[in-house]
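Residues per chain, in single letters:
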Amino acid sequence: MTTAQIAHTAETAETAQVAQTAQTAPPPSMRLRELAFGAACAAALRAAARLGVADALGDTPAAVEDLAAAVKTEPTPLRRLLRALTCYGVFTEQPDGTFAHTDMSRLLREDDPGSLRYITLWCTEPWTWDAWPKLDEAVRTGRNVIQDLYGKEFFVHLNEDAPESADVFNRAMTTSSKQSARDVAELLDLSGASSIADIGGGQGHVVAGLLEKYPALHGTLLDLPRVVAGADPRLLEGGSLAHRVRIVPGDCREAIPVKADVYIIKNILEWDDDSTARCLRNVIDAGGPGARVVVIENLVDDTPSMRFSTAMDLLLLLNVGGAKHTTDSMVGRLKAAGLTIDDISPVNPYLHAFDCTVPA
């Protein structure tokens, strides 16, 4: 076959594939109906996660009756749940009626290295079902709706009235932090630094990863008292990194009593503008001229993860009145704080790092 014939054959196949896709894609009216029922998909994911269906399903396909016995449900409604999820590529139904894992359903397993079980639960917690119907109100006012719903600020409500949801949040953040900490450690070159401070660093997975990568580095973890109380075991007394780290309970919006060569601020600049400005100002005051400040965030104009990040952006509006950033809005806030931006680079498909310096 000649080159021209090969090209013609490929072009014909591509045209046929596009035509077939156009024929099988639902019309706009049906697609909008599907989107309007998006809550059904979220609820199905939550149900599967809470029931432990993915954990009960092994490496080989299983009959619904066996799965139902394992997770203590009725077979018929479980089949209906699985049938709905297969439409989104979560589980797959075999010709004989058994169900098997897909790449996505495995992420609902608690023991999967990339597990998103607690992230799935966090995004579908009971308070979300109270808040989402009030999105129009939040858009009109620009304020969170949680205060009016529960009479308390969001995290106060979680910790005082919804301890199970607070636990899910902590587990979700731990999962997310562990998974991204490896990527942060791989990206950042800290060979010229002797000290690093992880500001609002949660349980310290990022600082722990960087201390393991650089044996001469010393670190500090700063976050709220209740958060650092559950720090990564490597950082606590008796841990492998305890002799090189200091744990400081505190609120970075109030003060940062930490001197370091490099400051990491990851996924916390999502508050109102005043809180963001205060945090950045405190970092600059603590570090002084020449300090390096690395801000790591999800962006709503980051194409590979826009559906996720824009949804999180709306959820932040609902619960704390915060926002995810665009590249331009993040750059604007960093510059307004007085930082010089030296580089912007992707950490992974859903995070970007803004590498900055405190000018002299």
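A short tour of the structure in this document, coming up. (Residues numbered from 1 in each chain as written. Predicted model: local features only at pLDDT ≥ 70, side-chain atom pairs only at ≥ 80, totals over all residues. Heavy atoms only, no water.)

The helix and strand tally for the protein stands at 18 helices and 9 strands. Each principal axis of the C-alpha atoms in the protein carries an extent, and together these give about 65 × 65 × 50 Å. Each of the 360 residues in the protein was classed as buried or not, and the buried ones make up 43%. Within the protein, counting contacts between residues at least 6 apart in sequence, those at least 24 apart form 63% of the total. Carbon and sulfur atoms provide 56% of the accessible area of the protein, an area that totals close to 18600 Å². Across the protein, the centroid of the 33 positively charged side chains sits 3 Å from that of the 48 negatively charged ones. (Helix = DSSP H or I, 4+ residues; strand = E, 2+ residues; numbered from the N terminus. Buried < 20%, exposed > 50% of the residue type's maximum accessible area, 1.4 Å probe, protein only. Contact = heavy atoms within 4.5 Å. Areas by Shrake-Rupley, 256 points an atom, 1.4 Å probe, with all protein chains shown as cover. Lys, Arg positive; Asp, Glu negative; His and termini not counted. Charge placed at Lys NZ, Arg CZ, Asp CG, Glu CD.)

Working definition: the strands of a sheet are paired by backbone hydrogen bonds and lie parallel or antiparallel to each other. Taking strand neighbours across the sheet as the criterion, the 7 strands line up as β5-β4-β3-β6-β7-β9-β8 in an open arrangement whose pairing is mixed. Two strands close off the open sheet at either side, each with one partner strand: β5 (245-249) and β8 (340-348). Ignoring strand direction, the axes of neighbouring strands in this sheet form an average angle of 20°. One ladder, built from 5 bridges, connects strand β4 (residues 218-223) with β5; its direction is parallel. Within the sheet, the bridge partner assigned to G219 lies in β5 and is V245. (Pairing = 2+ DSSP bridges. Axes fitted to C-alpha atoms, helices over the stretch in contact; angles between N-to-C directions.)

So, about the packing of helix α5 (residues 64-71) against helix α6 (residues 75-86). Geometrically, a packed helix pair is captured by the angle between its two axes and the distance between the axes. Between α5 and α6, the shortest axis-to-axis distance is 9 Å and the interhelical angle comes to 105°. Overall, the two elements α5 and α6 adopt an arrangement that is roughly perpendicular. Residues V64, E65, L67, A68 and V71 of α5 pack against P75, L78, R79 and L82 of α6. When the residues that make up the contact of α5 with α6 are grouped by side-chain class, the tally is 7 nonpolar, no polar and 2 charged. (Parallel < 35°, antiparallel > 145°, perpendicular 65-115°, else oblique. Nonpolar A, V, L, I, M, F, W, Y, C, P; charged D, E, K, R; others polar.)

Scanning the entire structure with this criterion turns up 6 aromatic pairs. Ring centres of W127 and F154 lie 4.6 Å apart, and the angle between their planes is 65°; this geometry places the pair in the edge-to-face category. Linking W127 in helix α9 (residues 126-131) with F154 in helix α12 (residues 154-161), this pair joins segments that are 27 residues apart in sequence. For the pair W127 and F154, a shared accessibility class is recorded, and that class is buried. Three or more aromatic residues link up through ring pairs in this structure, and these residues are W122, W127, F154, F155 and F169. Positioned above the aromatic ring of Y118, the side-chain terminus of R117 is 5.2 Å from the ring centre. Cation over ring: R253 sits above W271, and NZ or CZ is 4.9 Å from the ring centre. (Phe/Tyr/Trp six-rings, centres within 6.5 Å; stacked < 30°, edge-to-face > 60°. Lys NZ or Arg CZ within 6 Å of the ring centre and 35° of its normal.)

The end-to-end C-alpha distance of helix α16 (residues 273-287), which contains 15 residues, comes to 21 Å, matching closely the 21 Å that a straight helix rising 1.5 Å per residue would cover. All buried positions along α16 are accounted for by S275, T276, C279, L280, N282, V283, I284, A286 and G287. The inward-facing, buried residues of α16 contact β3 (195-199), β6 (262-266), β7 (292-297) and α18 (327-337). Near the N-terminus of α16, the side chain that reaches the backbone nitrogen of D274, with its oxygen 3.2 Å away, is that of D272. Immediately downstream of α16, the backbone of G288 shows phi near 75°, a positive value. (Expected span 1.5 Å × (residues − 1). Polar contact = N/O pair within 3.5 Å; in protein donor to acceptor, adjacent residues only side chain to side chain.)

Let's shift gears to the nonpolar core. Core analysis: the largest hydrophobic core is formed by 39 residues, its most contacted members being L78, L82, L85, F91, W122, W127 and L158. Setting aside its immediate chain neighbours within four residues, L78 contacts V53, V64, L67, A68, V71 and T73. Counting 28 residues, the second-largest nonpolar core is a separate cluster that includes I256, A260, C356 and V358. (Core = buried A, V, L, I, M, F, W, Y, C linked by side-chain atoms within 4.5 Å.)

A few words now on the side chain of T174. Considering the arrangement of structural elements, one finds T174 in helix α13 (residues 163-187). Contacts of T174, omitting those with residues within four sequence positions, involve Q203 and H205.

Here we come to the environment of C123. Summarising the element assignment, C123 is placed in the loop between α8 (117-122) and α9. Residues C123 and A311, 188 residues apart in the sequence, show an inter-C-alpha distance of 9.7 Å. Each residue touching C123, except ones within four places of it in the same chain, is listed here: T128 and M312.

Another point: the pairing of β4. Of all 6 residues that make up β4, 5 are buried, and the element is covered over most of its length. Here β3 runs beside β4; their pairing, made up of 5 bridges, is parallel. Residue I199 lies in a different strand from β4, and its bridge partner there is L222. Between β3 and its parallel partner β4, the chain crosses via helix α14 (residues 205-213), and the hand of that crossover is right-handed. (Right-handed = clockwise from strand over helix to strand, strands pointing away.)

This structure, assessed with the given rule, holds 0 disulfides. Between C279, a free cysteine, and C252, which holds the nearest cysteine sulfur, the sulfur-to-sulfur gap is 3.7 Å. The structure places no disulfide on C356, whose sulfur is separated from the nearest cysteine sulfur, that of C279, by 12 Å. A relative accessible area of 0% places C356 in the buried class. (Disulfide = S-S within 2.5 Å.)

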